[in-house]
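# Remarks on the overall topology
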Amino acid sequence: MSVRTVPEPYLALDDEVLDSRIRAAKEELGSSTVILGHHYQRDDVIAHADVTGDSFKLARLGAARTDATYIVFCGVHFMAESADILRAPRQTVVLPDLNAGCSMADMAPTEDVLLAGETLDRLGVRTVPVTYMNSTAELKAFCGDRGGAVCTSSNAKAIFEWAFQREPKIFFFPDEHLGRNTGLALGIPLASMVVWDPAKESGGLTREDLERARVILWKGCCSVHTKFQLRHVEERRREDPGVRILVHPEVPYEVVQAADEVGSTEHIIHVLEKAPAGSRWAVGTEYHLVNRLARRHADKKISILSKDFCLCATMYRISPQNLLWALENLLEGNVVNAIRVPENVKRGARVALDRMLQVG
Ligand code: SF4
């Protein structure tokens, strides 16, 4: 196996050639290879996905395809790690571009979170650690090893309730906004949620701050979803008082409070599917998904909440060029950019994921 970047000749191929060569490679690989496409993926890549979904759904679907030796994950690094944690022993996960990271996951480096955990221990602050799916495998293992769990944007509320049955406080990372929105949905006042800033001594928090806190939120965010602001909701309502505002829980809490509905990517897709013809929606999530939903439901008026360019730039790194390169290498028996989570990390991460699944 090797780690390489796409060679020059692939970069010079035009769209039609790329499309037909990807189709040909897929056909030849047959059931030995499954291509997973995250909802935020660009259109010219999602066109080749065998299945689409959010990160956890895709990781499980990849593992369930036991006939497939290769799982080509068109998403970002933490997603491919989750697929590697859940995969069957004979499967290999490939990420077509290893530089496809996640700005949110990068805001919680393992050593910083470990240091925060040690500091909380030293101060005698007892917490259950909960990490969002959008984090490194190492942080999932940290939660698994310390009695905590993983959550998704769909089940964060249930996982928080589970955690509060164990300890009076939750240490949540890496998304400050999802943590705050989940806490508010459970009736926890804003004043009882404090932000741990890893750039500051003891997270910038005093002992009193930590004592009154119910939720300690990591200072991290999604570079896409934080672009949605309250002023966008106000503008859209001014333009069209009948518009419905539908947002993802990674947006800031002021936006969630002003919206009509909030929910995970899968929830957003479901709401728009069920919405009546003629209804009008301003949607606060990634650009490619919103545009696809607008095309799929042409009988409804669907647009992105903000006119700013809310695109996941790291996801965009997965291109037809590097997808083709990965597939053609598989045809020649070469596995490029395989994702391998170390066994000791995998064990702890699996524990945290299993706890999440038990809660539901
Ligand atoms: S949309 Fe945000 S959280 Fe999702 S992969 Fe991109 S940067 Fe990460």
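Quick caveat: nothing in here was measured; it's all calculated off a predicted structure.

## Some points on the packing of helix H4 (residues 55–64) against helix H5 (residues 77–86)
For the pair H4 and H5, the least separation of the axes is 8 Å and the interaxial angle reads 35°. Both H4 and H5 take part in a crossing whose hand is right-handed. Contacts from Ser 55, Phe 56, Ala 59, Arg 60 and Ala 63 in H4 reach Phe 78, Met 79, Ser 82, Ala 83 and Leu 86 in H5.

## A word on unusual backbone geometry
Cis geometry marks the peptide bond from Phe 173 to Pro 174, where omega comes out at -5°. Inspection of the secondary structure puts Pro 174 in the loop between strand E7 (170–173) and helix H10 (176–185). Despite not being glycine, Asn 337 shows a phi value in the positive range, around 55°. The class for Asn 337 is buried, based on a relative accessible area of 1%.

## Quick word on the nonpolar core
In this structure, Val 130, Phe 172 and Ile 216 are the most contacted members of the largest nonpolar core, which totals 120 residues. Sequence-distant contacts of Ile 216, defined by excluding residues within four places in its chain, comprise Leu 120, Val 125, Thr 127, Ile 170, Phe 171, Phe 172, Val 194, Trp 196, Leu 205 and Leu 210.

## Observations concerning the pattern of salt bridges
For the structure shown, the criterion picks out 24 salt bridges. Salt-bridge contacts for Arg 350 lead to Asp 354; the nearest nitrogen and oxygen are separated by 3.7 Å. With Arg 350 and Asp 354 both in helix H17 (residues 343–359) and 4 residues apart, the pair spans about one turn of that helix. The network of salt bridges with shared partners includes Asp 84, Arg 87, Glu 343 and Lys 346.

## What about the packing of H5 against H17?
Remark: H5 packs on H17, axes separated minimally by 10 Å, with the N-to-C direction vectors making an angle of 90°. Judged by the inter-axis angle, H5 sits roughly perpendicular to H17. Where H5 abuts H17, its residues Asp 84, Ile 85 and Leu 86 lie against Lys 346, Ala 349, Arg 350 and Leu 353. The residue makeup of the contact of H5 with H17, split by class, is 4 nonpolar, no polar and 3 charged.

## Notes on the UniProt feature "binding site: iminosuccinate" (unreviewed entry) in the protein
The UniProt record marks His 38, Ser 55, Tyr 132, Met 133, Asn 134, Ser 153, His 248, Pro 249, Glu 250 and Thr 265 with the feature "binding site: iminosuccinate" (unreviewed entry), using the residue numbering of this structure. Relative to the elements of secondary structure, Ser 55 occurs in helix H4. When residues no more than four places from it in sequence are discounted, the contact partners of Ser 55 are His 38, Phe 73, Phe 78, Met 79, Met 133 and Asn 134. Filtering out sequence-adjacent residues up to four positions away, Glu 250 remains in contact with Met 104, Tyr 132, Asn 134, Asp 175, His 177, Cys 222, His 225 and Thr 226. A polar side-chain atom of Glu 250 sits 2.9 Å from a polar atom in the side chain of His 225.

## Topic: the pairing of strand E8 (residues 193–196)
Relative to strand E9 (residues 215–218), E8 runs parallel, the two being bridged by 4 bridges. Residue pairing across strands places Val 194 opposite Ile 216, the latter belonging to E9. A crossover links E8 with its parallel partner E9, the connecting element being helix H11 (residues 207–212), and its sense is right-handed.

Scoring rules and cut-offs
- Residues numbered from 1 in each chain as written.
- Predicted model: local features only at pLDDT ≥ 70, side-chain atom pairs only at ≥ 80, totals over all residues.
- Heavy atoms only, no water.
- Axes fitted to C-alpha atoms, helices over the stretch in contact; angles between N-to-C directions.
- Helix = DSSP H or I, 4+ residues; strand = E, 2+ residues; numbered from the N terminus.
- Left-handed = near helix turned anticlockwise from the far one by under 90°.
- Contact = heavy atoms within 4.5 Å.
- Buried < 20%, exposed > 50% of the residue type's maximum accessible area, 1.4 Å probe, protein only.
- Core = buried A, V, L, I, M, F, W, Y, C linked by side-chain atoms within 4.5 Å.
- Salt bridge = Lys/Arg side-chain N within 4 Å of Asp/Glu carboxyl O.
- Parallel < 35°, antiparallel > 145°, perpendicular 65-115°, else oblique.
- Nonpolar A, V, L, I, M, F, W, Y, C, P; charged D, E, K, R; others polar.
- UniProt positions renumbered as here; feature names shortened; annotations may be inferred.
- Polar contact = N/O pair within 3.5 Å; in protein donor to acceptor, adjacent residues only side chain to side chain.
- Pairing = 2+ DSSP bridges.
- Right-handed = clockwise from strand over helix to strand, strands pointing away.

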